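Here is what each chain is made of, one letter per residue.
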Amino acid sequence: MTPVSRTADTTTDPTQELRQRWAVTVAKARGTKNPTAPDPAPYADNLLSRWREPQRRYHTVEHLTAVLYRIDELAQHADDLPTVQLAAWFHDAVYRPDRSENEERSAALAERALPELGIGPARTAEVARLVRLTVTHDPAPDDPDGEVLCDADLAVLAGSPDEYAAYAAAVRAEYAFVPDPDFLAGRSAVLSQLLSLPRLFRTPRGYDRWEHLARRNLTTELDLLRGA
């Protein structure tokens, strides 16, 4: 899904806003000023370099940006907004389309990096839990932070037909090494699993804005795959 419209500024680094957001989020997550805590900027650069890796076609800096904007839209539903924002930064920080343990490795990265940044053990553990939750996108009813992260991550499903087609094409490009019959079977299983959920979006705002459109797009793609 295209992020909230912003006026482009071609004279500055397009990731500068992300670096600034990261610094603010880390400061809030630390809770108290810690003069011995390291500068968060190198950590932002490391994460952004990961999100720019060449094997990525959908799981890119643009996806990270979109998820952060959607979290902004759902912020009132969150219990601990900085934790959700940190989880967004880490949720696909490790990504290899030919591996199945990406979420686990991303969570482990958060568990290593956040203590170094001066973020406490409870918040670090919660960030890692939220990252692991993106395996299923099925948070418990009493998990508002999980609901916000999962809704923000899935909001791409509710794009316009052209936006959704671009998303689906990017996913296929990431799995270009997979033969068509195997991709069709695997992708169909993913779409069917999503459609089987009682609701895709758990926050009230996410459900009202995105549920109908996302189900329409998923159903259309599944029908196209079955007819391929």
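What counts and what doesn't
One numbering rule holds for all chains: residues counted from 1, following each sequence as written. Local features in a predicted model are, by the rule used here, given only for residues with pLDDT of at least 70; side-chain atom pairs are given and counted only at 80 or more, and totals for whole chains, interfaces and linings are based on all residues. Each side-chain value is worked out from all heavy atoms of the structure, with water and hydrogens disregarded. In this text, helices come from DSSP runs of H or I with a minimum length of four residues, and strands from runs of E with a minimum of two, each type numbered from the N-terminal end. This radius of gyration counts C-alpha atoms alone. The globule rule is 2.2 Å times how many residues there are, raised to the power 0.38. Partly exposed describes any residue whose relative accessible area lies between the buried limit of under 20% and the exposed limit of over 50%, with all areas from a 1.4 Å probe on protein chains only and scaled to the type maximum. Should any heavy atoms of two residues lie within 4.5 Å, those residues are considered in contact. Under the convention used here, a 1.4 Å probe and the Shrake-Rupley method define accessible areas, while residue burial counts only the protein chains that appear. Neither His nor the chain ends is counted toward charge; the positive residues are Lys and Arg and the negative residues Asp and Glu. Charge positions are represented by NZ for Lys, CZ for Arg, CG for Asp and CD for Glu. Per residue, pLDDT measures the predictor's confidence, with a range of 0 to 100. Buried residues of nine kinds, namely Ala, Val, Leu, Ile, Met, Phe, Trp, Tyr and Cys, make up a nonpolar core once their side-chain atoms join them within 4.5 Å. Between the N-to-C directions of two axes lies an angle of 0 to 180 degrees, each axis being a line fitted to C-alpha atoms and, for a helix, fitted only over the stretch in contact. We call two directions roughly parallel when the angle between them is under 35 degrees, roughly antiparallel when it is over 145, roughly perpendicular when it lies between 65 and 115, and oblique otherwise. Handedness of each helix crossing follows the sense of rotation of the near helix against the far helix: counterclockwise by less than a right angle gives left-handed, clockwise gives right-handed.

(A) Quick peek at the overall build of the chain. When you go through the chain residue by residue, the secondary structure sums to ten helices and zero strands. Secondary structure elements of the chain, listed N to C terminal, follow the sequence α-α-α-α-α-α-α-α-α-α. The C-alpha radius of gyration computed for the chain amounts to 18 Å, which stays within 12% of the reference 17 Å derived for 228 residues, consistent with globular compactness. Structurally, the chain occupies a C-alpha span of about 60 × 35 × 35 Å along its principal axes. Looking at the chain as a whole, 48% of its 228 residues are labelled buried. Pairs at least 24 residues apart make up 67% of the contacts formed inside the chain by residues separated by at least 6 positions. Summed over all atoms, the accessible surface of the chain reaches about 11,300 Å², with 55% contributed by carbon and sulfur. Between the averaged position of the 27 positive side-chain charges in the chain and that of its 35 negative side-chain charges there is a distance of 2 Å.

(B) The arrangement of the confidence of the model for the chain in detail. This prediction gives the chain a mean pLDDT of 93; 94% of its residues lie at or above 70. Segment residues 1–11: pLDDT under 50, and 17 contacts once partners within four positions in sequence are set aside and those in other chains are kept.

(C) Inspection of the nonpolar core at higher detail. Within the largest apolar cluster, 63 residues are counted, with the highest numbers of intra-cluster contacts made by Trp 22, Ile 71, Leu 86, Trp 89, Phe 90, Leu 114 and Leu 157. Ranked by residues supplied to this core, first place goes to helix α4 (residues 81–90) with six residues. Once residues lying within four places of it in the same chain are set aside, the contact partners of Phe 90 are Trp 22, Leu 47, Ser 106, Leu 109, Ala 110, Ala 113, Leu 114 and Val 131.

(D) Region of the structure containing the packing of helix α3 (residues 61–73) against helix α7 (residues 144–154). Axis separation between α3 and α7 bottoms out at 8 Å; the angle between their running directions is 130 degrees. As the angle between them shows, α3 and α7 are arranged oblique. Taken as a pair, α3 and α7 cross one another with a handedness that is right-handed. Here His 63, Val 67, Arg 70 and Ile 71 of α3 lie close against α7, whose contacting residues are Val 148, Leu 149, Ala 152 and Asp 153.

(E) Expanded view of the environment of Gly 118. For Gly 118, the position within the fold is in the loop between α5 (102–116) and α6 (121–133). A relative accessible area of 28% places Gly 118 in the partly exposed class.

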